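# Descriptive structure summary
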Amino acid sequence: MSMKLTLGWLQDHLETEASLKEITDKLSMIGLEVEAVQDQAEELAPFTVARVLEAKPHPNADRLRVCQVESIHGVTQVVCGAPNARTGMIGVFAPSGSYIPGTGVDLKAGVIRGEESNGMLVSEREMGISDEHDGIIDLPADTPFGAPFATVAGLDDPMIEIAITPNRGDCLGVRGVARDLAAAGLGTLKPLHAPKVEANFDSPIKWRRDFDDAHQTACPYVAGRSFRNVKNGPSPAWMQQRLRAIGLRPISALVDVTNYVSFDLGRPLHVFDADKLQGDLTMRMARDGEAVLALDGESYELSGADTVIGDEAAAHAIGGVMGGENSGCSETTTNVFLEVALFDPDRVASTGRRLGIHSDARYRFERGLDPDSVDWGVEVGARLILELCGGEASEVVTAGENPKAPRQISYRPERTLSLGGVDISTAEQSDILERLGFAVSTEDARFSVTVPSWRPDVECEACLVEEVMRIHGFDAIPQTPLARASDLPHGALTPVQRRRNAARMALTWRGMTEAVTYSFLSGQVAALFGEIPAALRLVNPISADLDVMRPSVLPNLVGAAARNQDRGLPDGALFEVGPQYRDDSPEGQSLVAAGVRAGQAAPRHWSGGQRALDAFDAKSDALAVLAACGAPVDNLQVDGEGAPGWYHPGRSGALRLGPNILAYFGEVHPKVLRALDLKSGAVAFEAFIERVPQPKSKGGKLRPAVDLSPFQPVSRDFAFLVDQAVSAEKVVRAAKGADKALITAVDLFDSYSGKGVEPGHKSLAIAVTLQPTKGTMTDEEIDAVSAKVIAQVEKATGGSLRS
C-alpha cells in the first residue's frame with residue numbers, strides 16, 4: 001500500500017508557491033519516494049465543453065440521433081445513441097483521435113448506418129469518472145463554452161502517490177507529508193484546525209474497558225461522542241472528488257468523513273449507528289470462536305488474541321482493523337456514535353494478518369498513531385459530521401488514559417559529521433529539528449531533544465542524525481572514493497560462488513535441466529528424508545503443504561519429475577543447486593548440487609532402443625559436479641553402504657575423501673517414489689559443494705608448463721580372479737599404485753562371473769596404459785611393470801591372474 005493525495009489537498013495544510021515538479025522532486029529527496037503522478041487535466045485535455053446545435057433522428061436507426069455539435073474545433077456531425085441527446089444541451093465533446101479512458105479505445109471517424117460521425121459526446125463512464133452510462137454528460141446551461149472539462153468537473157487536481165516506509169506512519173496523512181515539505185523549506189505548515197465542538201446533551205452511550213492485566217495495552221485509550229438528528233446523505237462534491245482521486249469510492253457523508261480524516265490527518269475514525277446498539281460500548285478481547293460480520297460482507301471468526309468493540313449483546317467491530325456490518329450506518333441513520341481509539345500496533349498487525357484483512361485503518365494502526373490524535377480527532381470528526389450532516393453533538397466520553405510519555409534524547413550536533421559525513425552548523429540542525437516538530441533545548445555542547453508524539457520511530461541519537469541529514473539533503477553528502485588496496489581488480493565471486501556456477505555448467509552440459517524450487521516442503525514428505533527438528537518447522541508457513549524447511553533438495557526435484565510425467569514427459573533430467581537445512585543456525589545450511597533422472601537413460605535409437613537407468617548414471621553425474629568444483633576425483637573412495645535411507649539399499653553409495661562424504665548417489669528408494677507419485681524408476685545424486693577441499697595456495701607461482709611425451713604409449717590387459725566381495729575400485733587402485741611414474745591410466749572393461757569361474761568369485765579385466773617419458777619401452781621393461789601390476793593386485797585383493 002502507499003499514500004495518495006492531491007496537490008490541492010496538500011495545499012490545505014501547506015502554504016506554498018512551489019510547482020508540482022518542485023514538490024515531487026523534494027518529496028523523493030527527503031525520503032518520501034514518489035511512485036506516480038497522475039494529472040487528469042493533462043489526460044483529459046482533448047475533452048471540452050460543447051453545444052449541441054441540432055439533434056435529429058437518424059434516418060436509418062430508431063435509437064440513434066444525428067447531432068450537429070459546436071466545439072472549439074468548429075461544427076462537427078456526431079451520431080449519438082444516448083437517450084438524453086437533444087438540441088440546445090451542453091455536453092462534453094471528444095474529437096476523432098482522442099483516447100477514451102473509460103473504454104480504453106482510440107476514437108476514430110466513421111460511418112454509422114450511412115451517416116458520418118466525427119468525434120463523440122461522452123458519458124461519465126466513458127470519461128472514467130463514474131459508472132454512470134445511461135446518458136451523455138449534461139452540463140448546466142451557464143457552463144463556459146469551450147472550457148476544458150477537467151476544469152469544469154474539478155478534475156484538474158494532480159494526484160501524487162508516495163511510497164511510505166514502515167517507520168513513517170506519520171506520513172500516512174496529508175498533514176504529515178505537508179509537515180516534512182515545510183521542514184524542507186518548501187512552504188509553511190498551516191495550523192491544525194481542531195476547535196472544541198460545543199456539547200448539547202449527555203451521551204447516552206458510554207465507553208468501558210474490560211481487559212485483564214495482560215491485555216491492558218490492547219486499547220489503552222478511547223474517546224467518542226454521540227450525535228442525534230443527523231441526515232446521512234451524499235457527501236459534498238469536493239470531498240467526493242478528493243476521495244475518488246485517491247481511489248476511494250464515496251459511500252455516504254458519515255462514512256466519507258471517516259475515510260477523509262483517515263487520509264487527511266492519518267487518524268482512522270469509525271461511526272456506529274447508535275440505534276443498532278444495545279447499551280454501552282466496551283473495549284475487550286474477543287471470545288474464542290466469536291464471529292463478526294465485517295463491513296466487507298465477510299464473517300470472521302475471532303480468537304482470544306483479538307481486540308473487539310462490543311455492546312451488551314455482541315461484538316460489532318474488530319479493533320483497529322474493520323467495523324461491523326450489523327452496526328454500520330445507512331441512508332436511514334439519524335443517531336450515531338463516533339469512536340476514536342488507540343490500539344496496540346502489534347496486536348492489530350497480528351489480527352489483520354491472521355484474518356487476511358487489508359484495510360486503511362489497519363495500515364495506519366499497525367505503524368503507530370499519535371496518542372494525542374484521540375483528543376483532537378474526536379473534535380475534527382465531530383466538526384465535519386455537524387457541517388455535513390447537521391444534528392447535535394454530545395459531550396466527549398472517554399475510557400483509559402493517554403499513554404503518551406514524552407521522550408527526550410541527548411543529542412550531540414557533531415554526530416552529523418561522524419555518522420553522516422556532513423558538517424552542518426548547530427543552528428541549522430536545531431532549526432531543522434524544530435521545523436519537524438521536535439522541541440530543542442541546549443545543554444552545554446549538547447541538545448536535549450523532545451520527540452513529538454507523532455514520531456514513535458525516533459528512538460536514539462542516530463535517528464536524529466537521519467532526520468537532520470534527509471532534510472538538509474542527502475545530495476549534500478560529499479562523494480568520497482574508497483581507497484583501493486591494489487591497482488589490479490580482485491575477483492568479485494567467492495570460491496563457493498564460483499563452484500556453484502561450475503556445478504550448474506557441468507550438469508547443463510550433461511543434458512540436465514535446471515529447476516528452481518521452494519526451500520520449503522510438506523512435513524509429511526520431509527519425514528521420508530530423515531528426522532525433522534522442531535527448528536525447521538515454520539511458525540507461519542505460506543501454505544499448509546509448505547510447512548518445513550527442506551532437509552534435502554531431492555524431494556522437490558522428484559516431485560517435479562512426477563508432475564512432468566503426469567503432463568506427458570516421461571523421461572526427464574532435472575537438477576538444482578541450492579540450500580538444504582539441518583537446523584536454523586547459519587552452520588545448519590548447506591549448499592548442495594542435486595539431480596534426478598527419471599524414465600529411460602537415452603532417447604530411442606534405431607540401433608537398439610533404450611536402457612534402464614542405474615546407479616552408475618547418478619554416480620557419473622556426481623563425479624562430474626565434484627570434478628567441476630575442483631575435487632580430487634581420482635582419490636575418491638566409493639562406499640557402497642554409505643547412502644542414506646531414501647536411496648535403494650544395494651544400489652546406491654557415497655563418494656568419500658577419507659572420512660569426509662562429498663556426495664551420495666544411487667537409485668531412489670521405491671517408497672519415496674510411491675509417496676511422491678513418480679510412476680517410473682529414478683536415480684539421483686546429492687553433491688555437497690562446500691565440503692570439497694579448498695585448493696592449496698600456489699604461493700603466487702605460475703602453472704607449470706605442459707610436458708607431453710613424444711613416445712608411444714603402451715597398453716596391456718589383465719584379468720584377475722577375485723572374491724565377489726572385492727570391488728573393482730580396489731583392483732584399479734592397486735594397479736595404479738604399481739608404478740606411478742609409468743602408469744597413467746587404468747580402466748575396467750569387463751566383469752564376468754559364470755561358467756569357467758569358481759562360485760563366489762568373479763573375473764575383473766582391466767586395461768593398463770603405460771606412458772614412457774625417456775625412451776621407447778623394451779619388452780623387458782614392459783614385462784617388469786606387468787609383474788609389478790600383478791603382484792600389487794594380488795597383494796591388495798587376495799586374487800590371482802586369470803589364465
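Below is a short write-up of the structure. These numbers were taken from a predicted model, which means no experiment stands behind them.

## Considering the overall build of the protein chain
A tally of helices and strands in the protein chain yields 21 helices and 42 strands. A globule of 803 residues ought to have a C-alpha radius of gyration of about 28 Å, yet the protein chain, at 40 Å, is considerably larger. The principal-axis extent of the C-alpha atoms belonging to the protein chain is close to 120 × 85 × 65 Å. Pairs at least 24 apart in sequence give 69% of the contacts found in the protein chain among residues at least 6 apart. For the protein chain, the accessible surface area stands at approximately 40,400 Å², while carbon and sulfur atoms represent 50% of it. Where the 80 positive side-chain charges of the protein chain centre and where its 108 negative ones centre are 8 Å apart.

## Considering the packing of helix α8 (residues 253-265) against helix α11 (residues 373-389)
If you want to describe how two helices pack, look at the angle between their axes and the distance between the axes. Following both chains from N to C, one finds α8 and α11 inclined at 140 degrees, their axes separated by 10 Å at the closest point. As judged from the angle between their axes, α8 and α11 are oblique. In this structure, α8 crosses over α11, and the sense of that crossing is right-handed. Residues Ala253, Leu254, Val257, Tyr260, Val261 and Leu265 of α8 form the contact with α11, whose participating residues are Trp376, Val380, Gly381, Leu384, Ile385, Leu388 and Cys389. Among the residues making up the contact of α8 with α11, the classes are represented as 12 nonpolar, 1 polar and no charged.

## Some remarks on the packing of aromatic side chains
Following the criterion strictly, the structure yields 11 aromatic pairs and no others. On the numbers, 5.5 Å between centres and 65 degrees between planes, the contact of Trp207 with Phe337 is edge-to-face. Placement of the pair is Trp207 in strand β15 (residues 207-210) and Phe337 in strand β24 (residues 336-341), with a sequence separation of 130 residues. Look at Trp207 and you get buried, because its relative accessible area is 6%. With a centroid separation of 5.2 Å and an interplanar angle of 80 degrees, the aromatic rings of Phe343 and Phe365 are classed as edge-to-face.

## A short note on the packing of helix α15 (residues 495-509) against helix α18 (residues 615-628)
Their axes nearest at 8 Å, the elements α15 and α18 cross at an angle of 140 degrees. If you check the angle between α15 and α18, you find them oblique. Two packed elements cross with a definite hand, and for α15 against α18 that hand is right-handed. The residues of α18 that touch α15, namely those facing Ala502, Ala503, Ala506 and Leu507, are Asp621, Ala624, Val625 and Ala628. Residues that form the contact of α15 with α18 fall into these classes: 7 nonpolar, no polar and 1 charged.

## Structural notes on the sheet that holds strand β5 (residues 61-71)
With antiparallel pairing, 5 strands are arranged side by side in an open sheet as β6-β5-β4-β7-β12. Of all strands in the sheet, those with a lone pairing partner are β6 (74-80) and β12 (120-121), marking the two edges. One ladder, built from 4 bridges, connects strand β4 (residues 48-58) with strand β7 (residues 90-94); its direction is antiparallel. Pairing of Arg51 across the sheet is with Ile90, part of β7.

## Quick notes on helix α7 (residues 237-245)
Where α7 is concerned, the buried positions are Met239, Gln240, Arg242 and Leu243. End-on, the buried residues of α7 take up no more than an arc of 165 degrees, which puts them together on one face.

## Some words on unusual backbone geometry
Among all residues except glycine, the phi angle is most often negative; among peptide bonds, the trans geometry is most common. Positive phi, close to 60 degrees, is recorded for Asn229, a residue that is not glycine. Tracing the backbone through its elements, the reader meets Asn229 in the loop between β16 (221-228) and α7. Positive phi, close to 55 degrees, is recorded for Asp444, a residue that is not glycine. Within the fold, Asp444 resides in the loop between β28 (439-443) and β29 (446-451). Its relative accessible area of 81% is what places Asp444 among the exposed residues.

## Thoughts on the nonpolar core
Counting 111 residues, the largest nonpolar core has Leu10, Ile23, Leu27, Leu181, Trp207 and Met283 as the members making the most contacts within it. The greatest single-element share of this core, amounting to 8 residues, is contributed by α11. Ignoring any residue separated from it by four or fewer positions in sequence, one finds Leu181 in contact with Leu10, Leu14, Ile23, Lys26, Leu27, Ile30, Leu186 and Gly187.

## Observations regarding the environment of Glu298
Checked against the element boundaries, Glu298 lands in the loop between β19 (291-293) and β20 (299-301). A relative accessible area of 46% means that Glu298 is categorised as partly exposed. Residues within four places of Glu298 in sequence aside, it is in contact with Val292 and Leu293.

## Concerning a negative patch on the surface
Together, Glu124, Asp131, Glu132 and Asp134 make up a negatively charged patch on the protein surface. In this fold, Glu124 is placed in helix α4 (residues 124-127).

## Considerations on the sheet that holds strand β33 (residues 572-581)
Overall, mixed pairing links the 7 strands, which are arranged β30-β33-β34-β38-β37-β36-β35 in an open sheet. Strand pairing shows two members of the sheet lacking a second neighbour, β30 (513-514) and β35 (637-639), which therefore form its edges. Alignment of β33 against strand β34 (residues 589-598), held across 10 bridges, turns out to be antiparallel. Paired with Leu574 across the bridge in β34 is Val596. Docked against the sheet, α15 engages β30, β33, β34 and β38 (682-688), running at close to 165 degrees with respect to β33.

## Some points on the pattern of salt bridges
Inspection of the entire model under this criterion finds 35 salt bridges. Between Asp180 and Arg470 there is a salt bridge, and its shortest N-O distance comes to 2.9 Å. One end of the pair, Asp180, is in helix α6 (residues 174-183); the other, Arg470, is in helix α14 (residues 461-472), with 290 residues separating them in the sequence. By relative accessible area, Asp180 is classed as buried at 1%. The closest approach of N and O atoms between Arg284 and Glu290, which form a salt bridge, is 2.8 Å. Pair check on accessibility: Arg284 and Glu290 agree, each one buried.

## A closer look at the environment of Ile542
Mapped onto the elements, Ile542 comes out in the loop between α16 (523-526) and β32 (548-549). Spatially, the C-alpha atoms of Ile542 and Phe520 are 9.3 Å apart, while their sequence positions differ by 22 residues. Contact partners of Ile542, with chain neighbours within four places excluded, come to Tyr518 and Phe520.

## Quick word on α14
Taking 1.5 Å per residue as the helical rise, α14 with its 12 residues ought to reach 16 Å, and the 17 Å between its terminal C-alpha atoms agrees with that figure. For α14, the buried fraction is high: 9 of the 12 residues fall into the buried class. Within α14 the residues assigned to the buried category are Glu461, Cys463, Leu464, Val465, Glu467, Val468, Met469, Arg470 and Ile471. Elements that come into contact with the buried residues of α14 comprise α2 (20-29), α6, β27 (407-411), α12 (415-420), α13 (426-435) and β29.

## Description of the state of the cysteines
Across all of its chains, the model carries 0 disulfides by this definition. The closest cysteine sulfur to the non-disulfide-bonded Cys67 is located on Cys80, 5.2 Å from its own sulfur. Since its relative accessible area comes to 0%, Cys67 is described here as buried. With no disulfide of its own, Cys463 lies 3.8 Å from the sulfur of Cys460, the closest cysteine sulfur. Residue classification places Cys463 among the buried residues on the basis of a relative accessible area of 16%.

## Structural notes on the environment of Ala562
Its place among the elements puts Ala562 in helix α17 (residues 554-566). Distance in space between the C-alpha atoms of Ala562 and Ala598 is 8.7 Å, their sequence separation being 36 residues. Those residues in contact with Ala562 that lie beyond four places of it in its chain are Leu676, Asp677 and Leu678.

## What about the side chain of Ser448?
With respect to the helices and strands, the residue Ser448 is situated in strand β29. Under the relative-accessibility criterion, Ser448 is labelled buried at 9%. In contact with Ser448, not counting residues within four places along its chain, are Gln408, Ile409, Ala439, Val440, Ser441 and Glu443.

Parameters and conventions
Residues numbered from 1 in each chain as written. Predicted model: local features only at pLDDT ≥ 70, side-chain atom pairs only at ≥ 80, totals over all residues. Heavy atoms only, no water. Helix = DSSP H or I, 4+ residues; strand = E, 2+ residues; numbered from the N terminus. Rg over C-alpha atoms; globule rule 2.2 N^0.38 Å. Contact = heavy atoms within 4.5 Å. Areas by Shrake-Rupley, 256 points an atom, 1.4 Å probe, with all protein chains shown as cover. Lys, Arg positive; Asp, Glu negative; His and termini not counted. Charge placed at Lys NZ, Arg CZ, Asp CG, Glu CD. Axes fitted to C-alpha atoms, helices over the stretch in contact; angles between N-to-C directions. Parallel < 35°, antiparallel > 145°, perpendicular 65-115°, else oblique. Left-handed = near helix turned anticlockwise from the far one by under 90°. Nonpolar A, V, L, I, M, F, W, Y, C, P; charged D, E, K, R; others polar. Phe/Tyr/Trp six-rings, centres within 6.5 Å; stacked < 30°, edge-to-face > 60°. Buried < 20%, exposed > 50% of the residue type's maximum accessible area, 1.4 Å probe, protein only. Pairing = 2+ DSSP bridges. Arc of directions from axis to C-beta. Core = buried A, V, L, I, M, F, W, Y, C linked by side-chain atoms within 4.5 Å. Patch = residues over 30% accessible without salt bridge, like charges linked within 9 Å, V, L, I, M, F, W, Y side chains within 5 Å. Salt bridge = Lys/Arg side-chain N within 4 Å of Asp/Glu carboxyl O. Expected span 1.5 Å × (residues − 1). Disulfide = S-S within 2.5 Å.

Read these as layout, nothing more, since geometry by itself doesn't imply function.
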